[in-house]
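The primary structure of each chain is shown beneath.
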Amino acid sequence: MRLDKFLKVSRVIKRRSVAKEIADKGRILINDKTAKSSTDVKVGDQLTIKFGNKTLVIQALALLDTTKKDDAEQMYKVVSESFEQRF
């Protein structure tokens with residue numbers, strides 16, 4: 001499954017266009033390698049996403065084409081979440 005679609009369906013990022021923009025700026029890593037929006041995500045991959053001062057590390061558990069809001073959280077597991085600076 002494409003990276004931008006995975007992030008949208010799993011509701012990590014709300015819009016696919018935003019996920020594409022973040023990925024194409026080099027702010028997403030898959031297994032410690034820079035990923036573009038078209039990069040394939042596989043079950044077991046570790047994704048590192050940088051949002052401003054927040055870094056989120058998740059692991060892909062399932063690839064689903066569509067999900068309900070309640071099922072979206074079952075697509076990934078949060079490995080770590082860190083902040084560069086707290087306000």
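That block above? That's the structure.
For the structure given in this document, a descriptive report is provided here. (Residues numbered from 1 in each chain as written. Predicted model: local features only at pLDDT ≥ 70, side-chain atom pairs only at ≥ 80, totals over all residues. Heavy atoms only, no water.)

To continue, consider the pairing of strand β3 (residues 46-51). As defined by bridge partners, strand β1 (residues 28-30) adjoins β3 across three bridges and the pair is classed as antiparallel. Paired with L29 across the two strands is T48, which belongs to β3. Examined bridge by bridge, β3 and strand β4 (residues 54-60) share six bridges and lie antiparallel to one another. By the bridge assignment for β4, I49 is matched with L56. The turn joining β3 and β4, which pair antiparallel and follow one another in sequence, is formed by two residues; a positive phi near 50 degrees is taken by G52. (Pairing = 2+ DSSP bridges. Helix = DSSP H or I, 4+ residues; strand = E, 2+ residues; numbered from the N terminus.)

On to the nonpolar core. Note on soluble globular proteins: their nonpolar side chains tend to be buried together. Ranked by internal contacts, the top residues of the largest apolar core, which has 20 residues, are L3, F6, L7, V12, L47 and I58. When residues of this core are assigned to their parent elements, the largest contribution, four residues, is made by helix α1 (residues 3-9). Not counting residues within four places of it along the chain, the set of residues in contact with L47 comprises L3, F6, L7, L29, I30, V41, L56, V57 and I58. (Core = buried A, V, L, I, M, F, W, Y, C linked by side-chain atoms within 4.5 Å. Buried < 20%, exposed > 50% of the residue type's maximum accessible area, 1.4 Å probe, protein only. Contact = heavy atoms within 4.5 Å.)

Now for a positive patch on the surface. Together, K8, R11, K14 and K69 line one region of the surface with positive charge. One can find R11 in the loop between α1 and α2 (16-24). (Patch = residues over 30% accessible without salt bridge, like charges linked within 9 Å, V, L, I, M, F, W, Y side chains within 5 Å. Areas by Shrake-Rupley, 256 points an atom, 1.4 Å probe, with all protein chains shown as cover. Salt bridge = Lys/Arg side-chain N within 4 Å of Asp/Glu carboxyl O. Lys, Arg positive; Asp, Glu negative; His and termini not counted. Charge placed at Lys NZ, Arg CZ, Asp CG, Glu CD.)

What follows concerns the environment of V79. In this fold, V79 is placed in strand β5 (residues 76-83). The sequence separation of V79 and Q46 amounts to 33 residues, and the corresponding C-alpha distance is 8.6 Å. Look past the residues within four positions of V79 in its chain and what remains in contact with it is V57, I58 and Q59.

Here D45 lies in the loop between β2 (33-34) and β3. Of note is the side chain of D45, whose polar atom sits 2.9 Å from the backbone nitrogen of K42. With sequence-adjacent residues up to four places away left out, D45 is seen in contact with I30, N31, D40, I58, Q59 and A60. (Polar contact = N/O pair within 3.5 Å; in protein donor to acceptor, adjacent residues only side chain to side chain.)

Within the secondary structure, V12 sits in the loop between α1 and α2. Along the sequence, V12 and F83 sit 71 residues apart, while their C-alpha atoms lie 17 Å from each other. If we skip the residues at most four places from it in the chain, V12 touches L7, I49, F51, L56, I58 and Y76.

Reading across from one edge, β2-β1-β3-β4-β5 is the order of the five strands in this open sheet, with antiparallel pairing throughout. Sheet topology places β2 and β5 at the edges, where each strand pairs with a single neighbour.

This is a description of form; function is not addressed.
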